[in-house]
Amino acid sequence: MKRFETLIMFVVAWSCSLTTGVAQNQRYLAYIDKYKDIAIREMLRYNIPASITLAQGLLESGAGQSELTRKGNNHFGIKCHGWTGATTYHDDDARNECFRAYKNAYESYEDHSKFLVSSKRYERLFRLSHTDYKGWAHGLKACGYATNPQYAASLINIIELYGLHQFDKAKHADKFLVEHAGQVGSGALPPITINNKNYYLKARQGDTFKSLGKEVGISGRKLARYNDRSYKAELHEGDIIYLKKKRSHADKAFRGKPHIVRSGESMYDIAQRYGIRLKSLYKMNHFEPTHQIRVGERIRIY
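Everything in this summary refers to the structure shown in the same document. Owing to the predicted nature of the structure, the values given are computational and were not obtained by experimental measurement. (Residues numbered from 1 in each chain as written. Predicted model: local features only at pLDDT ≥ 70, side-chain atom pairs only at ≥ 80, totals over all residues. Heavy atoms only, no water.)

Tallying each qualifying case throughout the model produces 11 aromatic pairs. An angle of 15 degrees between the planes, with centres 5.5 Å apart, marks the rings of Tyr-28 and Tyr-162 as stacked. Of this pair, Tyr-28 sits in helix α2 (residues 22-46) while Tyr-162 sits in the loop between α7 (151-161) and α8 (175-181), and the two are 134 residues apart along the sequence. Given the relative accessible area of 12%, Tyr-162 is considered buried. Considering the side-chain rings of Phe-126 and Trp-136, the 5.2 Å spacing of their centres and the 85 degrees angle between planes classify their relative orientation as edge-to-face. Taken together, the residues span a long stretch of sequence, with Phe-126 in the loop between α5 (105-118) and α6 (133-142) and Trp-136 in helix α6 at a distance of 10 residues. Looking at Phe-126, the relative accessible area reads 24%, which means it is partly exposed. (Phe/Tyr/Trp six-rings, centres within 6.5 Å; stacked < 30°, edge-to-face > 60°. Helix = DSSP H or I, 4+ residues; strand = E, 2+ residues; numbered from the N terminus. Buried < 20%, exposed > 50% of the residue type's maximum accessible area, 1.4 Å probe, protein only.)

This is the structure in structure tokens:
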């Protein structure tokens, strides 16, 4: 979609993630976690490989960091041709070009699918299997989606580096994440973040489990249970509120890496930080509920 130089910039940014360590790589992983279920849903509806959609989103949006994405939730660089919705302007092939703007990421993903499905230019791609990501990558380039001669190779490299082709075999998408991750950027909710295969938001001033429950469509009492709290507990601004039942241990990345207790921390703080059920955290460490942790103590989290 975008000019050659812009795409090269994103390819370079991706390549740098291989050599500059965890920071950039984590942005890619966070983007994939946030939007993979939307990509799967689009695949199930339109037969576009989820891996292709995610790779294009990563490449075109700079893993969600591009100005176009931040200003207009446009993850695929689609311009205004034939568009009657909201717009934003950005320098591309020419100065101050018109691009489509969306309320949230979900709208951008949905429009990307419709853009491909409704165009005769891409018609032959839909004769390919949705597991043929290489065919789709080369087909997008051949059909003129981008001018970058390395566009297909870039998509394939991203797909294989991050294992995105695993999502092409998915039979269903996580309904919750499809519905709520799409609201990020819309102002409807605080940002929803993924941690330890769970989703959380941070409470705002005045929030209660009851009010948050109405916003996200989950019983307030369930939200309280998911967070090891009482339904009437007072929430403070910045409190982590998980939207699903927490797991019994931290992410496998923390295997063999205990948490070192810091000043002012409680077992509950540690449980919320890593997305672990409080009861499981006590059990894992053979602690009684009355155990008082000390600064510097090593707490097993996996």
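Moving on, we come to the pattern of salt bridges. Counting across every chain of the model gives 15 salt bridges. Put simply, Arg-273 and Glu-265 hold a salt bridge, and the shortest N to O gap is 4.0 Å. Among the ionic pairs, Glu-297 bridges to Arg-294, the shortest N-O distance being 3.9 Å. Using a relative accessible area of 52% as the deciding quantity, one classes Arg-294 as exposed. (Salt bridge = Lys/Arg side-chain N within 4 Å of Asp/Glu carboxyl O.)

A few words now on the nonpolar core. Counting residues in hydrophobic clusters, the biggest one holds 43 residues, and the most contacted among them are Leu-54, Leu-58, Tyr-109, Tyr-122, Leu-140, Tyr-145 and Leu-164. Breaking this core down by element, the ones donating at least two residues are α2, α3 (50-61), α5, α6 and α7. The element that contributes the greatest number of residues to this core is α2, accounting for nine residues. In this structure, Tyr-109 is in contact with Tyr-31, Tyr-35, Ile-38, Ala-39, Glu-42, Thr-53, Leu-54, His-75 and Phe-76, ignoring residues within four places of it in sequence. Counting residues in each nonpolar core, the second largest holds 17 residues, with Phe-209, Ala-224, Ile-241 and Leu-243 among its members. (Core = buried A, V, L, I, M, F, W, Y, C linked by side-chain atoms within 4.5 Å. Contact = heavy atoms within 4.5 Å.)

Close contact between α3 and α7 brings their axes to 9 Å; oriented N to C, the two are set at 110 degrees. Compared by their axis directions, α3 and α7 come out roughly perpendicular. Contacts from Ser-51, Ile-52, Ala-55, Gln-56, Leu-58, Leu-59 and Glu-60 in α3 reach Tyr-151, Ser-154, Leu-155, Ile-158 and Ile-159 in α7. Per-class residue counts for the contact of α3 with α7 are eight nonpolar, three polar and one charged. (Axes fitted to C-alpha atoms, helices over the stretch in contact; angles between N-to-C directions. Parallel < 35°, antiparallel > 145°, perpendicular 65-115°, else oblique. Nonpolar A, V, L, I, M, F, W, Y, C, P; charged D, E, K, R; others polar.)

Mapping Ser-66 onto the fold places it in the loop between α3 and α4 (67-72). Here Ser-66 falls in the buried class, since its relative accessible area comes to 8%. Side chain to side chain, Ser-66 and Thr-69 meet in a polar contact 2.7 Å long. (Polar contact = N/O pair within 3.5 Å; in protein donor to acceptor, adjacent residues only side chain to side chain.)

Attention shifts here to a positive patch on the surface. A surface patch of like charges, here positive, comprises Lys-210, Lys-214, Arg-221, Lys-222, Arg-225 and Lys-232. Those elements that place two or more of their residues in the positive patch are α9 (209-216) and α10 (220-226). Sort the elements by how many residues they give to the positive patch and α10 lands first, with three residues. For Lys-222, the location among the structural elements is in helix α10. Owing to a relative accessible area of 38%, Lys-222 belongs among the partly exposed residues under this scheme. (Patch = residues over 30% accessible without salt bridge, like charges linked within 9 Å, V, L, I, M, F, W, Y side chains within 5 Å. Areas by Shrake-Rupley, 256 points an atom, 1.4 Å probe, with all protein chains shown as cover. Lys, Arg positive; Asp, Glu negative; His and termini not counted. Charge placed at Lys NZ, Arg CZ, Asp CG, Glu CD.)

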